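# Observations on the model geometry
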Amino acid sequence: MAVEPAAPTGGNTSVRDRLALALDVDDVVPAQRLAVQLRPWFGTVKIGLELFSAAGPSIVQTMIDDGYKVFLDLKLADIPTTVERASKVLGALGVSYLTMHAFAGTPMLRAGVDGLVEGAARAGLEPPMALAVTILTSDADAPPHILGKRVAVAAEARCAGFVCAAGDVREAKALAPNLLAVVPGIRPVGVPSDDQSRAATPGQAFAAGADLLVVGRAVTGADDRERAAADLTAEMVAAGA
Ligand code: C5P
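Under the counting rule described, the total for this entry stands at nine salt bridges. Where Glu-118 meets Arg-122, a salt bridge forms, and the shortest distance between an N and an O atom there is 2.9 Å. Here Arg-122 and Glu-118 lie together in helix H6 (residues 106-123), a separation of four residues that amounts to about one turn. A single network of salt bridges, built from pairs that share partners, joins Lys-46, Asp-73 and Lys-75.

For the rest of this paragraph, the subject is the packing of helix H5 (residues 80-91) against H6. The N-to-C vectors of H5 and H6 enclose an angle of 30°; their axes lie 7 Å apart at closest approach. Relative to H6, the element H5 is oriented roughly parallel. The element H5 and its partner H6 pack so that their crossing is right-handed. Mapping the contact onto sequence places Pro-80, Val-83, Glu-84, Ser-87, Lys-88 and Gly-91 in H5 and Pro-107, Met-108, Ala-111, Gly-112, Asp-114, Gly-115, Leu-116, Glu-118, Gly-119, Ala-120 and Arg-122 in H6. Taken together, the residues of the contact of H5 with H6 sort by class into seven nonpolar, five polar and five charged.

Before going further, it helps to examine the packing of helix H2 (residues 28-38) against helix H4 (residues 58-65). For the pair H2 and H4, interaxial distance at closest approach is 11 Å and the crossing angle is 25°. On the basis of the axis angle, H2 is roughly parallel to H4. Considering the relative orientation of H2 and H4, their crossing is right-handed. Here H2 contributes Val-28, Ala-31, Gln-32 and Ala-35 to the contact with H4, which in turn contributes Ile-59, Thr-62 and Met-63.

Here we take up the site of the ligand. The environment of the ligand is formed by 14 residues, the closest being Asp-24, Lys-46, Arg-187, Gln-196 and Arg-217. Within the side chain of Arg-187, an N or O atom sits 2.8 Å from an oxygen atom of the ligand. Contact distances for the ligand include 2.7 Å between an oxygen atom and a side-chain N or O atom of Arg-217. When isolated, the ligand has an accessible area of 470 Å², and the protein chains bury 87% of it. One can see that the ligand is located within the largest pocket.

Definitions and cut-offs
Note on numbering: residues in each chain are counted from 1, in written sequence order. pLDDT decides what is reported in this predicted model: residues at 70 or higher carry local features, side-chain atom pairs at 80 or more are listed and counted, and totals for whole chains, interfaces and linings draw on all residues regardless. Only hydrogens and water are set aside; all other atoms, that is, all heavy atoms of the structure, feed into the side-chain values. Between Lys or Arg on one side and Asp or Glu on the other, a salt bridge is scored when a side-chain nitrogen of the former is within 4 Å of a carboxyl oxygen of the latter. Counting from the N terminus, the helices are DSSP H or I runs at least four residues long and the strands are E runs at least two residues long. Convention adopted: a line fitted to C-alpha atoms gives each axis, helices being fitted over their contacting stretch, and angles between N-to-C directions are expressed from 0 to 180 degrees. Angle categories: roughly parallel below 35 degrees, roughly antiparallel above 145, roughly perpendicular from 65 to 115, and oblique for all the rest. Handedness of a helix crossing follows the sense of rotation of the near helix relative to the far helix, less than a right angle counterclockwise being left-handed and clockwise being right-handed. By the convention used here, residues are in contact when the closest approach between their heavy atoms is within 4.5 Å. Residues are grouped as follows: nonpolar covers Ala, Val, Leu, Ile, Met, Phe, Trp, Tyr, Cys and Pro; charged covers Asp, Glu, Lys and Arg; every other residue, Gly included, is treated as polar. The rule for a residue being near a molecule or strand is that one of its heavy atoms must lie within 4 Å of it. In protein, a polar contact requires one atom able to donate a hydrogen and another able to accept it; more generally it is a pair of N or O atoms within 3.5 Å, and residues adjacent in sequence count only if both atoms are side-chain atoms. Per-residue and other accessible areas follow the Shrake-Rupley method at a 1.4 Å probe size, with only the shown protein chains counted as cover for residues. Residues are said to line a cavity or pocket when one of their atoms sits within 4 Å of a point; the points come from a 1 Å grid over protein atoms alone, cavities being sets where a 1.4 Å probe fits but cannot get out and pockets being open sets with protein on both sides within 12 Å along at least five of seven lines. Each molecule is checked against the cavity or pocket grid, and it sits inside if more than half of its atoms lie within 2 Å of the grid points.

The values are spatial; any link to function lies outside them.
Below is the structure:
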């Protein structure tokens, strides 16, 4: 059931626009509970493979009805034709961002971008921003030159942005200053890094040039989530956001 969006209170609008809440749960009920509770601090929710597989495409409209922009993190990687067809479908859902793997190369990313544009146009919507995933934080074997190559591929394919670790933002932005830098692996000081081997604080990520910070367990796993979200926002403000 859609919850009536309320005007967010307690957050900071310019910081809220830069924060995406990772809804890494496998059911619509806890997802919507988190979304409603944390709406004052987050302007976007990230729906990944887990929630999309469990809840299906209708979860996108549920979150839009709850007042969010939707970041669909499906990390597409397949032959260009398949990605174009899938992107056409996803482009008509009303999402604002969709991820695709940069390792799959320019033709696949370009096919995905084209699919998003066509799908959105058919539905009378703005096309979602295609985000190229550069290096997974779990990929410890990625050679040093690969970041630049993947950012170049993203720009060549006309993606709107890329996903990278905070430590890679400066190098990536130097290569593609007009692309949006989306950064996961956010951990305020004192919060365990879990499985994120290249974590950064919100202030470090912002100072490095991150446009959109993806935050999951640092807030969703906190004993007091609202306090954690408010502290994170305060840290962003202190860093100049
Ligand atoms: O809980 P945490 O803040 O570590 O969540 C990180 C989120 O960002 C997860 O949803 C994960 O899938 C995503 N992500 C990531 N590293 C990437 C790309 C996406 O951690 N390179």
